[in-house]
Amino acid sequence: SGSGQSLFVEPLEACEANNRLLEVRAAAEEEERRILRELARAVVDAAESLHVLEETLAHLDGLRARALWAREYGGTAVTPGGGRLKLVRARHPLLAMAQRAGGRAVVPLDLELGQGSRVLLVSGPNMGGKTVVLKTAGLAVALSHAGFAVTADEGSAVPEIASVVVDLGDEQSVDQGLSSFAAHLKVLGRMAEAAGPESLLLCDELGAGTDPEEGAALGRALVEHFAERGAWCIVTTHLGSLKRLAGQVPGVVNGSLEFDEESMTSRYRFLPGIPGASHALAVAGRLGFPPDLLGRARELTSDESRALERLIAELTESNRRLRDEAAGLAAARREAEDAAAVHRAALEESRVALGEQRLRITREGEVLLGRARELSQTVQ
């Protein structure tokens, strides 16, 4: 043995067979090496084709995965192009997935921006769903450009977007020496530079984090800049001065989320063209804020702010009543159309029955007339 401690004895009769076995093993190993060399050369020669095949299979696998996801969560294929950002019953993908898993029902989003209205200002109370509107629209654009289905119904449309800039959350950084407001300014500066017809700008709580008057002035300057550049933009804000921009700056429109003042909760239904009241004190009361402090806060609220809140609330309520009346009229119209269709069907059925009855009477009359003639000839 290799250690020199063991001795192997081989019978003479097995020597030739063992040598043959070793030769066969060596030949088999050499054949294996030859086959592997040939296979390696074949792989190298077909490397380009194999790369193409790999990419094709990966692409088909991705398409299948996206199709399965779209079918499970109600996605729709949307090809970017055109001059509209239109979402029909859109749902945030994560909320759609949670609903599919047994979560609460999602209130769909109907939203439309066009050539004359590319900047949307969304206002309303906290916890009302403003940020979800912003995220849903942004994800719809991103998913469509990535070749994924959009969780929305047929009829949705997305314009071609070359860049997306988002100011969402708190980007303060101790390492970089950035406060919350400074971090927001940094992103807002990138938005101002990127603003253009093929850019989507998403800004949450524009003008917040600093003096309200200066924040509102900065917010107005940015909104005017976005509208002038023709950028697609969705902005959420609580500042009353920004809510008035829809009637002052071309291309800017208002929007809000429907709010139930009785229960002080949001209905999460998007209302286009209507600014939303913040209801900060009412929401604070619902969350258990000390009543005496709330009373003092109401005393300190300016008459102008209270009047604006009442005006917005009345406008929202009027819009809700008009929408309910429109829904009632639409239902009545459908019932009338159904009744008219039933009436037309009954009228057509009566006409056919009358025609058949006339034909039957005519035939019976001809038969009776023939018999009368026969009897007349018999009598003569």
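Residues numbered from 1 in each chain as written. Predicted model: local features only at pLDDT ≥ 70, side-chain atom pairs only at ≥ 80, totals over all residues. Heavy atoms only, no water.

Moving on, we get to the overall build of the protein. Helix and strand counts for the protein come out as 10 helices and 8 strands. When contacts within the protein are restricted to residue pairs at least 6 apart in sequence, those whose partners lie at least 24 apart make up 71%. Carbon and sulfur atoms provide 56% of the accessible area of the protein, an area that totals close to 24200 Å². (Helix = DSSP H or I, 4+ residues; strand = E, 2+ residues; numbered from the N terminus. Contact = heavy atoms within 4.5 Å. Areas by Shrake-Rupley, 256 points an atom, 1.4 Å probe, with all protein chains shown as cover.)

What follows is about the packing of aromatic side chains. Scanning the entire structure with this criterion turns up 1 aromatic pair. Aromatic pair Trp-69 and Tyr-73: ring centres 5.6 Å apart, planes at 50°, arrangement tilted. With a gap of 4 residues between them, Trp-69 and Tyr-73 both fall in helix H2 (residues 47-73), about one helical turn apart. Taking relative accessible area as the criterion, Trp-69 reaches 22% and is therefore assigned partly exposed. Among the residues examined, Tyr-73 registers a relative accessible area of 16% and is labelled buried. Its end group placed over the ring of Phe-148, Arg-66 keeps NZ or CZ at 5.3 Å from the ring centre. (Phe/Tyr/Trp six-rings, centres within 6.5 Å; stacked < 30°, edge-to-face > 60°. Buried < 20%, exposed > 50% of the residue type's maximum accessible area, 1.4 Å probe, protein only. Lys NZ or Arg CZ within 6 Å of the ring centre and 35° of its normal.)

Here we come to the packing of H2 against helix H3 (residues 93-100). Contact geometry of H2 with H3 gives a least axis separation of 10 Å together with a crossing angle of 65°. If you check the angle between H2 and H3, you find them roughly perpendicular. Together, Trp-69, Glu-72 and Tyr-73 of H2 and Pro-93, Ala-96, Met-97 and Arg-100 of H3 make up the contact between the two elements. Per-class residue counts for the contact of H2 with H3 are 5 nonpolar, no polar and 2 charged. (Axes fitted to C-alpha atoms, helices over the stretch in contact; angles between N-to-C directions. Parallel < 35°, antiparallel > 145°, perpendicular 65-115°, else oblique. Nonpolar A, V, L, I, M, F, W, Y, C, P; charged D, E, K, R; others polar.)

Attention now goes to the pattern of salt bridges. A full pass over the atoms with the stated rule returns 13 salt bridges. Here Arg-20 makes a salt bridge to Glu-23, at a shortest N to O gap of 3.6 Å. Taken together, the positions of Arg-20 and Glu-23, both in helix H1 (residues 12-45) and 3 residues apart, correspond to about one turn of that helix. A residue is classified by how much of its surface remains accessible, and Glu-23, at 47% relative accessible area, is partly exposed. For Arg-220, the salt bridge is made with Glu-224, and the minimal N-O distance between the two is 2.8 Å. Residue Arg-220 and its partner Glu-224 are located together in helix H6 (residues 212-229), separated by 4 residues, close to a single helical turn. A single salt-bridge network, built from bridges that share partners, covers Glu-30, Arg-33 and Arg-37. (Salt bridge = Lys/Arg side-chain N within 4 Å of Asp/Glu carboxyl O.)

Before going further, it helps to examine unusual backbone geometry. Phi is positive for Arg-89, which is not a glycine, with a value near 50°. Its place among the elements puts Arg-89 in strand S1 (residues 85-90). Despite not being glycine, Glu-205 shows a phi value in the positive range, around 60°. Within the fold, Glu-205 resides in the loop between strand S5 (199-203) and H6.

What follows is about the nonpolar core. Note on soluble globular proteins: their nonpolar side chains tend to be buried together. The biggest cluster of nonpolar side chains holds 25 residues, and the ones touching the most others in it are Leu-85, Leu-109, Leu-111, Leu-113, Leu-120, Ile-234 and Phe-270. When residues of this core are traced back to their parent elements, those giving at least two are S1, strand S2 (109-113), strand S3 (117-123), helix H4 (130-145), S5 and strand S6 (232-236). Apart from residues no more than four positions distant in its own chain, Leu-113 is found in contact with Gly-83, Arg-84, Leu-85, Arg-118, Leu-120, Trp-232, Cys-233, Ile-234 and Val-253. (Core = buried A, V, L, I, M, F, W, Y, C linked by side-chain atoms within 4.5 Å.)

The next thing to look at is the pairing of S3. Buried residues dominate S3, accounting for 7 of its 7 residues. Relative to strand S7 (residues 251-260), S3 runs parallel, the two being bridged by 6 bridges. Looking at the pairing, Ser-123 lines up with Ser-256 of S7. In this sheet, S6 lies alongside S3 in parallel orientation, the contact comprising 4 bridges. Its bridge partner being in S6, Leu-120 is matched across the sheet by Ile-234. (Pairing = 2+ DSSP bridges.)

The N-to-C vectors of helix H5 (residues 180-194) and H6 enclose an angle of 20°; their axes lie 10 Å apart at closest approach. The angle between the axes of H5 and H6 places the two elements in the roughly parallel class. For the element pair H5 and H6, the recorded crossing hand is left-handed. Across the interface between the two elements, Phe-181, Leu-185, Leu-188, Met-191, Ala-192 and Glu-193 from H5 touch Leu-218, Leu-222, His-225, Phe-226 and Arg-229 from H6. Here the contact of H5 with H6 is composed, by residue class, of 8 nonpolar, 1 polar and 2 charged. (Left-handed = near helix turned anticlockwise from the far one by under 90°.)

With that settled, the discussion passes to the environment of Ala-105. Tracing the backbone shows Ala-105 in the loop between H3 and S2. On the basis of relative accessibility, which here comes to 61%, the residue Ala-105 falls in the exposed class.

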